Amino acid sequence: MSLLIYLNPFSVFRDFVRAPVESFVTDQYMGYKKKTNESITSVKELIYRAGILLVFFSAILWISIFMYIAFYYTYMPNVTHVRPVHLQFKSCEDQMGLCSYPYAYVQLTKASYVLMSGQPYRIKLVMDVPESPSNKDLGMFMVCLQMRGKGGTLVSSSCRSAMLNYRSKLHYYIRTSLFSPLFLLGIDDERQEIQVELFSDFQDDPNSPVTDAYIELQSRFVQVHSCSLHVEAHFSGLRYAMYYWPRASALCGISTNLFFTSLVFIMSWYHLQDDLPEFIKNKFKTEVKSEPDEKKQVSKVKLDKLEDIVAYTVGEYNLYLNFFIDSFPLIEEEALAILEEYQTLEKKT
């Protein structure tokens, strides 16, 4: 009968399967619960520290980005300054045409300076001229430019030759035939754009900055629709890289600022940590506590030495006093009174 009970499959399942599994699961659950309760404070502290680090990292990152943007707008000049040129001339009274060279005064800026000192600039005059018979027969003509500072002082001047692009009759007929619908509709017309580079490497003088420009076309027969003055910065070195590779330059600049800003922040953090009162108190805790003990020991040693000196002095005085009493018995009473006074003094000390 006992053998049947022992071989009962329900008992075997309960003793060898269900009970071990329940025990294992219960132990794992209780252990996990205990660890969870113990790690609540550590998790909160971890989240708090992670939040602080995230805030400081965001602040450092934005500071690095702002520093790069400020450096970019301070170090990089404006790439192009474009000013319209309105030509003027003197009309002839007795005949058609111009009786003076076309000229124009162009104000570059109303402030003290417009160009960055030390930065090379290309200065060119862009003219929109019609392909008229007069311009075709004109040939070459001179274009002059004078850069002036405040008060009309001459800073620099330059003159360059210019002319229309040559086009043969065959080229003219073919082009006119192809573009005749556009010409008829007014979408396009027969004109050319002439670019005359007057300065290829102009640098502004910081002592006499340029504020105005004087332009003159040295021909009375040139015909111009419109023209404009272009001042373009000619970059090199770091400015060239920052202008033509802005993303790579921004990445390198922000990374460099982030590195040095983080370094300064870490050094400042450790410096502030050294200055905290609690840190100093914990660091010099034993020294601060040992200082009163040392004072007590020193005062105790001094007091012992003082008592020894007083005892020695009183003992010597008693010895001399006894000798004096033995030598002079007539003043024994006075000596005894003095002895009592010194004994009282000895008790007080």
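As a convention, each chain's residues are numbered from 1 in the sequence order in which they are written. In keeping with the predicted nature of the model, local features appear solely for residues at pLDDT of at least 70, side-chain atom pairs appear and are counted solely at 80 or more, and the whole-chain, interface and lining totals rest on all residues. Side-chain numbers come from the whole structure's heavy atoms, not from hydrogens or water.

Colleague: What exactly am I supposed to notice about the overall build of the protein chain here?
Modeller: Counting secondary structure elements, the protein chain contains 10 helices and 8 strands. Considering the protein chain as a whole, with its 349 residues, one finds that 23% of them fall into the buried category. Across the protein chain, contacts joining residues at least 24 apart in sequence account for 76% of those joining residues at least 6 apart. Working definition of accessibility: Shrake-Rupley area with a 1.4 Å probe, residue cover restricted to the visible protein chains. When the accessible area of the protein chain is evaluated, it comes to approximately 26200 Å², of which 62% is carbon and sulfur surface. Helix and strand assignments follow DSSP, with helices taken as H or I runs no shorter than four residues and strands as E runs no shorter than two, numbered in order from the N terminus. Only protein chains enter the area calculation, which uses a 1.4 Å probe; residues under 20% of their type maximum are buried, those over 50% are exposed, and those in between are partly exposed. We call two residues in contact when some of their heavy atoms are within 4.5 Å.

Colleague: Even after reading the chapter, I still don't get the side chain of Q119, so can you show me in this structure?
Modeller: Turning to its location among the elements, Q119 is positioned in the loop between strand 2 (103-107) and strand 3 (121-130). By relative accessible area, which is 1% here, Q119 ends up buried. Any pair of nitrogen or oxygen atoms within 3.5 Å is treated as a polar contact; in protein, a donor-acceptor pairing is required on top of that, and neighbouring residues in sequence qualify only through side-chain atoms on both sides. Engagement of the side chain of Q119 in a polar contact is seen with the side chain of R239, the distance being 2.6 Å. Setting aside anything within four residues of it in sequence, one finds Q119 in contact with P77, F202, Q203, A233, H234, F235 and R239.

Colleague: What should I look at first to understand the nonpolar core in this one?
Modeller: One recurring pattern in soluble globular proteins: nonpolar side chains tend to sit buried together. In this description, a nonpolar core means a group of buried Ala, Val, Leu, Ile, Met, Phe, Trp, Tyr and Cys residues linked to one another through side-chain atoms lying within 4.5 Å. Membership of the largest hydrophobic core comes to 36 residues, with the highest contact counts inside it found for L125, M127, V143, L145 and M147. Residue assignment for this core shows that the elements contributing at least two residues are strand 2, strand 3, strand 4 (141-148), strand 6 (191-202), strand 7 (212-218) and strand 8 (226-233). Excluding residues within four positions of it along the chain, M147 makes contact with L108, I123, T153, L154, V155, S156, F199, F202, V210, D212 and A213.

Colleague: When you look at the state of the cysteines in this model, what are you seeing that I'm missing?
Modeller: What is meant by a disulfide is a covalent connection between two cysteines, made through their sulfur atoms. The term disulfide is used for any two cysteine sulfur atoms that are within 2.5 Å. Under the counting rule described, the total for this entry stands at 2 disulfides. Disulfide partner of C92: C99, at an S-S distance of 1.5 Å. Here the S-S torsion is close to 130°, and the disulfide linking C92 with C99 is therefore right-handed. What pairs with C144 in a disulfide is C159, and their sulfur atoms sit 2.1 Å apart. Because the torsion about its S-S bond is 115°, the bridge between C144 and C159 counts as right-handed. Within this pair, whereas C144 is found in strand 4, its partner C159 is found in strand 5 (residues 154-162), the two being separated by 15 residues in sequence. For the protein chain, the bonded cysteines pair up as 1-2, 3-4 when numbered in the order they occur along the sequence.

Colleague: I keep staring at the sheet that holds strand 8 and nothing clicks. Help me out?
Modeller: Sheets are built from strands that pair by backbone hydrogen bonding, the pairs being arranged parallel or antiparallel. Spatially, 1-8-3-6 is the arrangement adopted by the 4 strands of the open sheet, whose pairing is antiparallel. The strands lining the two open edges of the sheet, one partner per strand, are strand 1 (80-85) and strand 6. Sheet twist, expressed as the average angle between the axes of neighbouring strands with direction ignored, equals 20°. We call two strands paired when DSSP finds no fewer than two bridges between them. The sheet contact formed by strand 1 and strand 8 spans 6 bridges and is antiparallel. Bridge assignment links T80 to a residue of strand 8, and that residue is E232. Here, axes are lines fitted to C-alpha atoms. For helices the fit covers the stretch in contact, and angles between N-to-C directions go from 0 to 180 degrees.

Colleague: Just checking my understanding: could you explain a nonpolar patch on the surface for this structure?
Modeller: There is a patch of nonpolar side chains on the surface, built from L170, I174, L178, F179, L182, L185 and I187 and spanning about 730 Å² of accessible area. Elements that contribute at least two residues to the nonpolar patch include exactly helix 4 (169-178) and helix 5 (180-185). When you line up the elements, L170 lands in helix 4. Owing to a relative accessible area of 60%, L170 belongs among the exposed residues under this scheme. Every patch collects residues that have over 30% relative accessible area and no salt bridge, joining them within 9 Å if they carry like charges and within 5 Å if they are nonpolar side chains (Val, Leu, Ile, Met, Phe, Trp, Tyr). Only one rule defines a salt bridge in this text: a Lys or Arg side-chain nitrogen within 4 Å of an Asp or Glu carboxyl oxygen.

Colleague: Whenever I open this one, the sheet that holds strand 7 confuses me. Can you help?
Modeller: The strand order 2-7-4-5 describes an open sheet built from 4 strands, whose pairing is antiparallel. Edge positions in the sheet fall to strand 2 and strand 5, since each of these pairs with one other strand and no more. Within the sheet, the average angular offset between the axes of one strand and its neighbour, ignoring direction, is 15°. For strand 2 and strand 7, the ladder comprises 5 bridges, and the chain directions are antiparallel. Across the sheet, residue V106 finds its bridge partner in strand 7, namely A213.

Colleague: Please explain the pattern of salt bridges as it appears in this structure.
Modeller: Pairs may arise between side chains of opposite charge once their charged atoms sit close together. Counted under the stated rule, the structure contains 4 salt bridges. A salt bridge links E232 to K124; its shortest N-O distance comes to 3.4 Å. Remark: K124 occurs in strand 3 and E232 occurs in strand 8; sequence separation between them is 108 residues. Of the residues examined, K124 reaches a relative accessible area of 17% and is grouped as buried. A salt bridge links R167 to E131, with the nearest nitrogen and oxygen atoms 2.2 Å apart. Here the residue R167 occupies a position in the loop between strand 5 and helix 4, and E131 occupies one in the loop between strand 3 and helix 3 (133-138), the gap between them amounting to 36 residues.

Colleague: Sorry, what's going on with the pairing of strand 3 here?
Modeller: Put simply, side chains in a regular strand alternate between the two faces of the sheet. With respect to burial, strand 3 is a largely interior element, 9 of its 10 residues being buried. Sheet analysis places strand 3 next to strand 6, joined by 9 bridges and oriented antiparallel. Bridged to D128 within strand 6 is E193. Sheet topology places strand 3 next to strand 8; 8 bridges connect them, and they run antiparallel. Pairing of I123 across the sheet is with V231, part of strand 8.

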